[in-house]
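Listed here are the chains, written in short residue letters.
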Amino acid sequence: MNQDELKRAVGEAAVQHILPRLEKDSIIGVGTGSTANCFIDALAQHKHLFEGAVASSEASAQRLRDHGIEVFDLNQVAGFDFYIDGADEINNNLEMIKGGGAALTREKIVAAVAREFICVADESKLVDTMGDFPLPVEVIPMARSYVARELVKLGGDPVYRTGVVTDNGNHILDVHNLRIASPIELESKINQITGVVTNGLFALRPANVLLLGTQDGVKTIS
Ligand code: 5RP
């Protein structure tokens, strides 16, 4: 199977994972990216079984609506059971780097509300130590250069993602050359830099379950 087929397989597996627990009034948290898109497309066939979704990006909200799935504002819902999203890297503790698609802040917010975070990923995303994938950091535009200088002090090489404005109107710095030995510590440290909205480490709130697409089938890791 190629990478796209593995992504489709985990998208379908995520639907099968949540299907037995869906109820008429269920709301589903939906992430962003090509793997999350596979989940959305597989979910659409079952849209009569649940009430709707909250989305972590305008792009995913549009894709859900295109399938006829109602999209709710997060402020309209008190809580929900599942958040399904991809990752750029994930380790064996189910800590992740996310934000390759610049949706990290909304992803972190929707994940915070969900009772269960189900990560869907092909096997190329599983790593021992995170950091080969540049760590995205969302910054308030006027703070970009200041935050970049602070990130250099932490040992990284930040690169401005030119031409990208997040759904929240902010900018992204991609931090190269980090070897992330202590993800929780680094996530907290970067979030304390003034001008940072959030960073793409999901270690304080890791995934609960990983559905990993491999050549031997989809593996469930928790
Ligand atoms: C978007 C994300 C995505 O989940 C991450 O980039 C993985 O994307 P893909 O499934 O396309 O590989 O964090 O901000």
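Here's what I pulled together on the structure shown here. Just so we're clear, the structure is a prediction, and the values are computed from it rather than from any experiment.

Conventions and cut-offs
Residues numbered from 1 in each chain as written. Predicted model: local features only at pLDDT ≥ 70, side-chain atom pairs only at ≥ 80, totals over all residues. Heavy atoms only, no water. Near = heavy atom within 4 Å. Polar contact = N/O pair within 3.5 Å; in protein donor to acceptor, adjacent residues only side chain to side chain. Areas by Shrake-Rupley, 256 points an atom, 1.4 Å probe, with all protein chains shown as cover. Nonpolar A, V, L, I, M, F, W, Y, C, P; charged D, E, K, R; others polar. Patch = residues over 30% accessible without salt bridge, like charges linked within 9 Å, V, L, I, M, F, W, Y side chains within 5 Å. Salt bridge = Lys/Arg side-chain N within 4 Å of Asp/Glu carboxyl O. Buried < 20%, exposed > 50% of the residue type's maximum accessible area, 1.4 Å probe, protein only. Pairing = 2+ DSSP bridges. Helix = DSSP H or I, 4+ residues; strand = E, 2+ residues; numbered from the N terminus. Axes fitted to C-alpha atoms, helices over the stretch in contact; angles between N-to-C directions.

## Remarks on the site of the ligand
- Taken together, 17 residues form the shell around the ligand, and within it S34, T35, D88, G99 and K125 come nearest.
- Between T32 and the ligand, the recorded distance is 3.1 Å, taken from a backbone N or O atom to an oxygen atom.
- Here the ligand, which alone exposes 380 Å², has 91% of that area covered by the protein.
- Looking at side-chain class alone, the shell around the ligand contains three nonpolar, eight polar and six charged residues.

## What to know about a nonpolar patch on the surface
- Residues I140, M142 and V197 make up a contiguous nonpolar surface patch of about 310 Å² in total accessible area.
- Looking at I140, the relative accessible area reads 38%, which means it is partly exposed.

## Quick word on the sheet that holds strand β12 (residues 209-214)
- The strand order across the open sheet formed by six strands is β2-β1-β3-β6-β12-β13, and the pairing between neighbours is mixed. Edge positions in the sheet fall to β2 (52-55) and β13 (217-221), since each of these pairs with one other strand and no more. Strand-to-strand, the axes of this sheet are offset by a mean angle of 25°, without reference to chain direction.
- Judged from the three bridges that link them, strand β1 (residues 27-30) and strand β3 (residues 80-85) form a sheet pairing that is parallel. If you follow G29 over to β3, its bridge partner there is Y83.

## Quick look at the pattern of salt bridges
- In this structure the tally under the stated criterion is ten salt bridges.
- The partner of E58 in a salt bridge is R106, with the nearest N and O atoms 3.1 Å apart. Here E58, found in helix α3 (residues 58-66), pairs with R106, found in helix α4 (residues 104-113); they are 48 residues apart in sequence, far enough to count as distant.
- Given the relative accessible area of 45%, E58 is considered partly exposed.

That is the geometry; function is a separate question.
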